[in-house]
Every structure is written in C-alpha cells, then in structure tokens.
Amino acid sequence: MAELHVELVAADRKVWSGAATIVVARTASGDTGIMPGHTPVLSVLESGPVTIRTTDGGTVLAAVHGGFISFADNKLSLLAEIAELADEIDITRAERALERAQAELDEHAERRAEVRLFAARGLKAA
C-alpha cells in the first residue's frame, strides 16, 4: 500500500506524526486532498478541519487555523498557527465560544469555533 509521511505541527508543539493514505485540508484554493505520489504542493492553510486517513484504516481529525501546507517526496507537512486534535477539543467550551462570537458578530472567531466543533463531533466540514 502506498503511503505518505505526515507531520502536523502547531506553533507550540508537534500535534501528530505518522503514515497516511490520504490527507484532506482546506487551503486558499479550496479543499485539497493529498495522496502518495501527488505533485508537489505549497499553499496557505485556511481555518478548517484536517482529515488524515492512516495506513491502519483509522482516521485522525484536527481543527487547524492558519499556516502552510507543503508536500514533496511523499512527505506532507502541515505547519499551523493553531492545531487541535478532535479528542483534545472541549465541545462545551467550543459551543460557548461559538455563541459568544455570534453575539459579537465576530466572523473569524465564529469560523474558528465552527471548525473546532466539526472536528470534535467528527462531522464533514461545511
């Protein structure tokens, strides 16, 4: 089975590292799927969920906010300003953040909270 090596790194820590068959992330040009053998990529990451399908059949979901994605030689680097694995996200806190952002009409904070909730709940991104 073909695989690619993935490193998901936030500004303050390594979030996840391992082998995957496909990674889907939101970039400046839309949702991008990277599989082994993909052409080289360098792009800006937008706030959005990242889905990593691992070589053992599992799925890793993360909420990512800003940064860069780079792919070459079957090595994918996701260098994020902020990144959280789905199981690290406190759903109640994210729901409160969403309510607060909606009340304050803060579109960026609202998007961050929505992305966190999508990842935490394991839903497809809208």
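Cut-offs and rules
Each residue is numbered by its place in its chain's sequence as written, counting from 1. Only residues with pLDDT of at least 70 are given local features in this predicted model, and only at 80 or more are side-chain atom pairs given and counted; all residues enter the totals for whole chains, interfaces and linings. Side-chain figures throughout are based on the complete set of non-hydrogen atoms in the structure, without hydrogens or water. Domain limits in this description derive from either an automatic procedure or a database domain assignment. Contacts are assigned to residue pairs that have any heavy atoms within 4.5 Å of one another. For any pair of parts, buried area is found by adding up, for both, the accessible area (1.4 Å probe) each one loses once the two are put together. By salt bridge we mean one thing: a side-chain nitrogen of Lys or Arg within 4 Å of a carboxyl oxygen of Asp or Glu. By the criterion applied in these results, polar contacts are pairs of N or O atoms within 3.5 Å in which, for protein atoms, one can donate a hydrogen and the other can accept it, and in which residues neighboring in sequence qualify only through two side-chain atoms. Secondary structure elements follow DSSP: runs of H or I of four or more residues count as helices, runs of E of two or more count as strands, with numbering from the N terminus. As a working rule, the residues Ala, Val, Leu, Ile, Met, Phe, Trp, Tyr, Cys and Pro are called nonpolar, Asp, Glu, Lys and Arg charged, and the rest polar, with Gly in that last group. UniProt positions are given in the numbering used here, feature names are shortened, and annotations may be inferred rather than shown by experiment. Only protein chains enter the accessibility calculation, which uses a 1.4 Å probe; a residue whose area is less than 20% of its type maximum is buried, one above 50% is exposed, and one in between is partly exposed.

## A few points about the domain arrangement of the protein chain
Here is step 1: Here the protein chain is partitioned into domain 1 (4–85) and domain 2 (91–124).
Here is step 2: Using C-alpha coordinates to define each centre, domain 1 is positioned 21 Å away from domain 2.
Here is step 3: Taken together, the contact between domain 1 and domain 2 spans 10 residues of the former and 6 residues of the latter.
Here is step 4: A combined buried area of about 670 Å² lies between domain 1 and domain 2, and 68% of that area is made up of carbon and sulfur atoms.
Here is step 5: Ionic pairing is found between arginine 116 and glutamate 84, a salt bridge with its closest N-O pair at 2.7 Å.
Here is step 6: Our enumeration of links across domain 1 and domain 2 arrives at 2 residue pairs in polar contact (both at pLDDT 80 or more).
Here is step 7: The dominant element in the side of domain 1 that touches domain 2, judged by the number of residues it contributes, is strand S6 (residues 59–72), at 5 residues.
Here is step 8: When its residues are assigned to classes, the side of domain 1 that touches domain 2 shows 5 nonpolar, 3 polar and 2 charged.

## Considering the UniProt feature "coiled-coil region" (unreviewed entry) in the protein chain
Here is step 1: Annotation from UniProt places "coiled-coil region" (unreviewed entry) at residues 75–111.
Here is step 2: The span residues 75–111 is 49% helix and 30% strand, and its two end C-alpha atoms sit 29 Å from each other.

## Regarding the UniProt feature "domain: ATP synthase F1 complex delta/epsilon subunit N-terminal" (unreviewed entry) in the protein chain
Here is step 1: Mapped onto this structure's residue numbering, the UniProt feature "domain: ATP synthase F1 complex delta/epsilon subunit N-terminal" (unreviewed entry) falls at residues 4–82.
Here is step 2: Structurally, residues 4–82 comprises 0% helix and 77% strand, and the distance from its first C-alpha atom to its last is 23 Å.

## Looking at the pattern of salt bridges
Here is step 1: Under the defined criterion, the tally for this structure stands at 5 salt bridges.
Here is step 2: Of the charged contacts in the structure, one is a salt bridge between aspartate 31 and arginine 26, with a shortest N-O distance of 2.7 Å.
Here is step 3: Relative accessible area serves as the criterion here: at 15%, arginine 26 is assigned to the buried category.

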